[in-house]
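# Analysis of the macromolecular model
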Protein chains: 2
Amino acid sequence: MMLNKIGREIPNKVQGFGEIKPYNGPFAEVKMGNVYGRKVKRVKPNDSKMLESIEEAIKKTGLKDGMTISFHHHFREGDYILNMVIDAIAKMGIKNLTLASSSLNNVHASLVKYIKDGVITSITTSGLRGTLADEISNGLMENPVIIRSHGGRARAIECGDIKMDVAFLGVPSCDNYGNANGYNGKSFCGSLGYAKIDAKYAENVVLITDNLVPYPNVPASISQTDVDYIVQVEAIGNPQGIVSGATRYTKNPKELLIAKYAAKVIEASGYLVDGFSMQTGSGGAALAVARFIKQSMIEKNIKASFVLGGVTGQLVEMYEEGLVDKILDVQSFDLRAAKSIKDNLGHCEIDASLYANPFNRGSVVNLLDFVILSALEVDTDFNVNVITGSDGVIRGASGGHCDTAAGAKMSMIVCPLIRGRIPTIVDKVTTVITPGETIDVVVTDRGVAVNPLRQDIIQKLSNTNIPIFTIEELKNKAESITGKPEKIEFTDRVVGLVEYRDGTIIDVIKQVK
Amino acid sequence: MMLNKIGREIPNKVQGFGEIKPYNGPFAEVKMGNVYGRKVKRVKPNDSKMLESIEEAIKKTGLKDGMTISFHHHFREGDYILNMVIDAIAKMGIKNLTLASSSLNNVHASLVKYIKDGVITSITTSGLRGTLADEISNGLMENPVIIRSHGGRARAIECGDIKMDVAFLGVPSCDNYGNANGYNGKSFCGSLGYAKIDAKYAENVVLITDNLVPYPNVPASISQTDVDYIVQVEAIGNPQGIVSGATRYTKNPKELLIAKYAAKVIEASGYLVDGFSMQTGSGGAALAVARFIKQSMIEKNIKASFVLGGVTGQLVEMYEEGLVDKILDVQSFDLRAAKSIKDNLGHCEIDASLYANPFNRGSVVNLLDFVILSALEVDTDFNVNVITGSDGVIRGASGGHCDTAAGAKMSMIVCPLIRGRIPTIVDKVTTVITPGETIDVVVTDRGVAVNPLRQDIIQKLSNTNIPIFTIEELKNKAESITGKPEKIEFTDRVVGLVEYRDGTIIDVIKQVK
């Protein structure tokens, strides 16, 4: 055991993981080495890429025990691909695979069975939800799950930490040579931002589509030069499923109050000027802030140079009203956004590396003026948990949380002071996803705390009527209502390893008792 | 010395070049190894990429003696960048550089001085023209020039045969973080198809622009994630210069006759059906063929699925008239094409690897129905020379000639039987760029020859009034007019190495006497 920079206990060695480097600050790690280069392949003029079935694709790629397979999560709860492919793999008797999905959702509960059967023995993902998450928190897997942020996953792939043997990528529109996009076809999902990276680095790339279109299907999000095989199936996903619970519009008065305070902070911060940029996150309060910002923009007659992130219909509306110059979209959060990427020239698909990879020549998060993020817990060091619930069980995703917090000029958490009888502001979060030194402001319905590292923001807010407190004061407020929360009981067994975006380990998740 | 498959003498070793593999057939070479991965770099949130001058960029990249620098040729005779950068390099006293340009033109004659001074000691390029070409043919350089096709250069870069230390890339539109395109700004050149590859693989990428625009300049042809530095200068190129002599429209009756025969062959070949694809090349006769094809398409009421290549206004016109579904553009040959790439959604920029790299998962040339190509010479083995003139001096470019010939279902050469008093059809071409086994039809003003390997085409043409001859008959016809051409006298010294697209050596160019 060792302690990392933020005082978290990190094991020296974890089964199924290479060298463990403890987190040491958001920009402390200096990655050496080269970008991963996969094997050179050749497709000759008369070669066909079309295969009859998933089974044939599994055979042709040479998938075998011990390899790594990857998937994207652009269909979210509407995804048919992952279950379809792993069913086929299991039937063929292949075992001991590493699953390197960009994320996993409730819809992937059948993985529990395949983990028990030894088909899947390691997982890396941004998040876990539902039955699968419960089971893993209760010790289902021998190897801990590796939780990676979206930027961190892109980094891990580009730097060769994740080596994908076969990527199985569902694409809503594809020609017979592999030019594909996400915005045409009955199963459209919009951006293919995560899938683009898998297509570039996996040793074998299999596209699975329910919408084969004439060649050349260009401009393409995934290019023929990256694709080995194509399989046509009945249906790859349900577009209705791409609207995750995360993107709901709030009528909750507490969330609206949080949003109002947040908007005031942004206003006072000086970042809301013509040409500003933002990411608004997908929580209820975060989405409500964007509505206040929009009002403010109209009043001040200013325009955003770009909005970033998981993109919602709300941002599309602002673009179409001329309030936003460009939308940079790594994933489309709802159907309106998914459609817009086809129709609006300034709504641009970006891949996960361009979005948030800390080890390229500059990702877009570096240029963010501010980001509005949710939290399950924030502690008095400003560390944020978005992965484990108040019972210690995994129920969320790392997403772009730590990426945008590190990149943006001002990173803001919006959260209620308490949820039910559970405080949100605590002494020590259960699991750290985002280190406090990259969090600038915490906005709750009972007041706002600014990280003492940001005296400039404290100064700017001092002449406003925003209720400012220290983070300790907020914590005390919360505890005065809820009482001191009971400690969650964990075993000593590590079931999850939380990687910071730079590849260091910022925290571990332990098995719940 | 050894003989390659087409009987050309290839040296066993050449100064400044690695292992020499003789050409052994268009698909014989099986490249192993991995895609090249350059060093991982990081740009942090507050880092600036803007530099004051070319000199500062040279310093910051750490360019030093013995390194490799790269440039693109999208401005053709209007290019200001290469001279500007090498002037600065020379002034700083850096020597012994390898120049890895996508191509070189008359405008780069000042290189002669820098070669003499030892600033540039090796060159790889698609072509050479003018004074520089003359001097090199006369023995200017100690190391032979490596001639690579456009697809071959992309392959060499992706496979790590060309390792570029610094790419200096002129871009007509760029933001301060490196998102760039070729179609906006006073110096617009259209597609940046060759530059895109350099940006992805060079260790250091410097963009030079005369048109700095607000962030984010997306969609981008070159992405911020690939760019280290940006320098703003007065002017990067003259758009008038991008119309090379190669794209003239012909009124020459001989060329029109060739075009007429070529159109008849295409018609009879069975490839001119709805959904066909073509590349038309840039010679006078080749362009004239396209006009006949257009007429035929209108009459038959058919549409092309795509046209490929160096793109001319003529193809844009066909697209705008609804005759062509997609234009795939690796370089824009004239201003109309350069503008269209901005205005027409179906006019898509493609990079050189997607265009023609034989060692990726399938480049577009693989999907071509037919290609129309020029020739300086064709021999009775159907080998084609597009690089050395009748005096043996370098005066052309490899371009996409051998790439498209290998990929297309039917590759057709259009050329006059004789030029002045010089025969075009000869016993043995001076230099082989494209091997005869990938050439299907040769069309001259005096008749057409079909490669005996293509009995299917011979069969199809047999019931037409097209004047068909054997290639020997065409050669004899030519010689009956011109007499047997005098042999060009060369020394034994190799001044150029002609690489086939797969990295093998198909021929050498010797110093003229």
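- By the naming in an unreviewed UniProt entry, chain A goes by Citrate lyase subunit alpha and is assigned to Candidatus Sarcina troglodytae.

## So, the relation of the copies chain A and chain B
- Laying chain A over chain B is done by rotating through 180° and shifting 0.0 Å along the axis; what remains is an RMSD of 0.0 Å. Those values place the two copies in the arrangement expected of a two-fold rotation axis. The rotation axis passes nearest to the C-alpha of A:Gly37 in chain A, at a distance of 2.5 Å.

## Some thoughts on the nonpolar core
- Residues B:Ile69 and B:Ile120 are the most contacted members of the largest nonpolar core, which totals 124 residues.
- Of the residues forming this core, the biggest block, six residues, is contributed by helix α2 (residues 81-91) of chain B.
- Those residues in contact with B:Ile120, other than ones at most four positions away along the chain, are B:Ile69, B:Ile86, B:Leu97, B:Leu99, B:Leu111, B:Tyr114, B:Ile115 and B:Met141.
- In this structure, A:Leu63, A:Leu169, A:Leu368 and A:Ala449 belong to the second largest nonpolar core, which totals 122 residues.

## Some remarks on the packing of helix α1 (residues 54-61) of chain B against α2(B)
Residues and elements named next belong to chain B.
- Two elements in contact, α1 and α2, have axes whose closest approach is 9 Å; the angle formed by their N-to-C orientations is 65°. The orientation of α1 relative to α2 falls into the category roughly perpendicular. For the element pair α1 and α2, the recorded crossing hand is right-handed. Each of Ile54, Glu55 and Ile58 in α1 lies in contact with α2, whose residues at this interface are Met84, Val85, Ala88 and Ile89.

## Focus: the packing of helix α8 (residues 284-300) of chain B against helix α9 (residues 313-320) of chain B
Residues and elements named next belong to chain B.
- Put simply, α8 and α9 touch, their axes get as near as 10 Å, and they point 10° apart. As summarised for this structure, α8 and α9 are arranged roughly parallel, according to the angle between their axes. Of the two possible hands of crossing, α8 and α9 adopt the one that is left-handed. The residues of α9 that touch α8, namely those facing Leu287, Ala290, Arg291, Lys294 and Met297, are Gln314, Glu317 and Met318.
- Of the residues in the contact of α8 with α9, the class split is four nonpolar, one polar and three charged.

## What about the interface of chain A and chain B?
- At the interface, 51 residues of chain A touch 52 residues of chain B.
- When chain A packs against chain B, close to 4400 Å² is buried across both sides, 57% of that on carbon and sulfur atoms.
- The interface formed by chain A and chain B contains two salt bridges.
- Linking A:Asp228 and B:Arg361 is a salt bridge whose minimum nitrogen-to-oxygen distance equals 3.0 Å.
- Applying the counting criterion to the chain A and chain B interface returns 32 residue pairs in polar contact (both at pLDDT 80 or more).
- Of all the elements in the fold, those that place two or more residues in the side of chain A that touches chain B are β14 (304-311), β15 (324-332), α11 (352-356) and α12 (401-407) of chain A.

Procedures and definitions
- Residues numbered from 1 in each chain as written.
- Chains lettered and ligands numbered in written order.
- Predicted model: local features only at pLDDT ≥ 70, side-chain atom pairs only at ≥ 80, totals over all residues.
- Heavy atoms only, no water.
- Least-squares fit on C-alpha atoms with pLDDT ≥ 70 in both.
- Core = buried A, V, L, I, M, F, W, Y, C linked by side-chain atoms within 4.5 Å.
- Buried < 20%, exposed > 50% of the residue type's maximum accessible area, 1.4 Å probe, protein only.
- Helix = DSSP H or I, 4+ residues; strand = E, 2+ residues; numbered from the N terminus.
- Contact = heavy atoms within 4.5 Å.
- Axes fitted to C-alpha atoms, helices over the stretch in contact; angles between N-to-C directions.
- Parallel < 35°, antiparallel > 145°, perpendicular 65-115°, else oblique.
- Left-handed = near helix turned anticlockwise from the far one by under 90°.
- Nonpolar A, V, L, I, M, F, W, Y, C, P; charged D, E, K, R; others polar.
- Buried area = accessible area lost by both parts, 1.4 Å probe.
- Salt bridge = Lys/Arg side-chain N within 4 Å of Asp/Glu carboxyl O.
- Polar contact = N/O pair within 3.5 Å; in protein donor to acceptor, adjacent residues only side chain to side chain.

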